Amino acid sequence: MKRRGSAVAAALFAAGLFAAALAAGVTAGGADPAPEDVRICAGLDEAAPPGTGPVLLVFFSTDCPVCYDDLFEARYLIDNGRWPVTVIGVTSGRRDELARFLEKHAWALPVVLDKRRALVRRFKVDAVPFKALIAGSETIYADDPYIGLEARRKELERCLTRHFSR
């Protein structure tokens, strides 16, 4: 079922209104994800089985507005660049809060509920939002927590461009 046309989505995304567009239920394709498409996974292997290609992990908290924007902007960056990368959210919060967050914000991509904080430790995440791009067991990119969010986004985009122009 379409709630908004793709022209509306394109206009909102082009204007940089990612959060407003997505809160209104608009996705880049203009379709609402069905609730059954939402996947809360116990681990990375469940969210993206080995061999599925590069994965962008976006660490976030359900009660962090900056994280919310970063999560959706990461998805938009990948979609807009048309890179063959799977975007996966990662959070350590409570399952019921995560389910409400995913339903409220129409997030249909996989999210790892990292209850034991294994991914947080593996990628040395001190604060959210935080992104890491992995291919197999290799970390291609990890956010530098000492630079601003916009500089991180640009660095990730440069990394993706370099990686996929080989």
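For the structure itself, consult the block above.
Reference entry: report on the structure contained in this document. (Residues numbered from 1 in each chain as written. Predicted model: local features only at pLDDT ≥ 70, side-chain atom pairs only at ≥ 80, totals over all residues. Heavy atoms only, no water.)

1. Quick notes on the pairing of strand β5 (residues 130-135)
Counted residue by residue, β5 has 5 buried out of 6 residues, so it is predominantly covered. Bridge count between strand β2 (residues 55-59) and β5: 5 bridges; the pairing is antiparallel. Paired with F59 across the bridge in β5 is F130. Where β5 lies against strand β6 (residues 138-142), 4 bridges are found, and the strand directions are antiparallel. Among the inter-strand pairings, I134 is bridged to a residue of β6, identified as T139. A loop of 2 residues connects β5 with β6, the two strands running antiparallel in sequence, and G136 in this loop sits at a positive phi of about 65 degrees. (Buried < 20%, exposed > 50% of the residue type's maximum accessible area, 1.4 Å probe, protein only. Helix = DSSP H or I, 4+ residues; strand = E, 2+ residues; numbered from the N terminus. Pairing = 2+ DSSP bridges.)

2. Here's the deal with the packing of helix α4 (residues 65-81) against helix α7 (residues 149-164)
Packed helix pairs are characterised by how far apart their axes lie and by the angle those axes make with each other. At a minimum axis distance of 12 Å, the contact between α4 and α7 shows a crossing angle of 25 degrees. Relative to α7, α4 is oriented roughly parallel. When you trace α4 past α7, the crossing you get is right-handed. Residues V66, L77 and I78 of α4 touch α7, and the partners they reach there are L149, R153, L156, E157 and L160. For the contact of α4 with α7, the per-class residue count stands at 6 nonpolar, no polar and 2 charged. (Axes fitted to C-alpha atoms, helices over the stretch in contact; angles between N-to-C directions. Parallel < 35°, antiparallel > 145°, perpendicular 65-115°, else oblique. Left-handed = near helix turned anticlockwise from the far one by under 90°. Contact = heavy atoms within 4.5 Å. Nonpolar A, V, L, I, M, F, W, Y, C, P; charged D, E, K, R; others polar.)

3. What to know about the side chain of D70
With respect to the secondary-structure elements, D70 resides in helix α4. Take D70: its relative accessible area is 8%, and that puts it in the buried class. What D70 contacts, discounting residues up to four positions off in sequence, is V58, P129, F130 and K131.

4. Here we look at the pattern of salt bridges
For the coordinates displayed, the defined rule picks out 10 salt bridges. Here K131 ties to D70 by a salt bridge, and the two come within 3.1 Å at their closest N and O atoms. Of this pair, K131 sits in strand β5 while D70 sits in helix α4, and the two are 61 residues apart along the sequence. In this structure, D143 and K131 form a salt bridge, with 3.7 Å as the shortest nitrogen-oxygen distance. One end of the pair, D143, is in the loop between β6 and α7; the other, K131, is in strand β5, with 12 residues separating them in the sequence. K131 matches D143 in its accessibility class, with the two residues each being buried. Among the ionic contacts, a cluster of salt bridges with common partners joins D70, K131, D143 and R152. (Salt bridge = Lys/Arg side-chain N within 4 Å of Asp/Glu carboxyl O.)

5. Some thoughts on α4
An ideal rise of 1.5 Å per residue puts 24 Å on 17 residues; α4 measures up with 24 Å between its terminal C-alpha atoms. Residues C67, Y68, D70, L71, F72, A74, R75, Y76, L77 and I78 constitute the buried set of α4. Looking one or two residues beyond α4, the residue adopting positive phi is R82, at roughly 55 degrees. (Expected span 1.5 Å × (residues − 1).)

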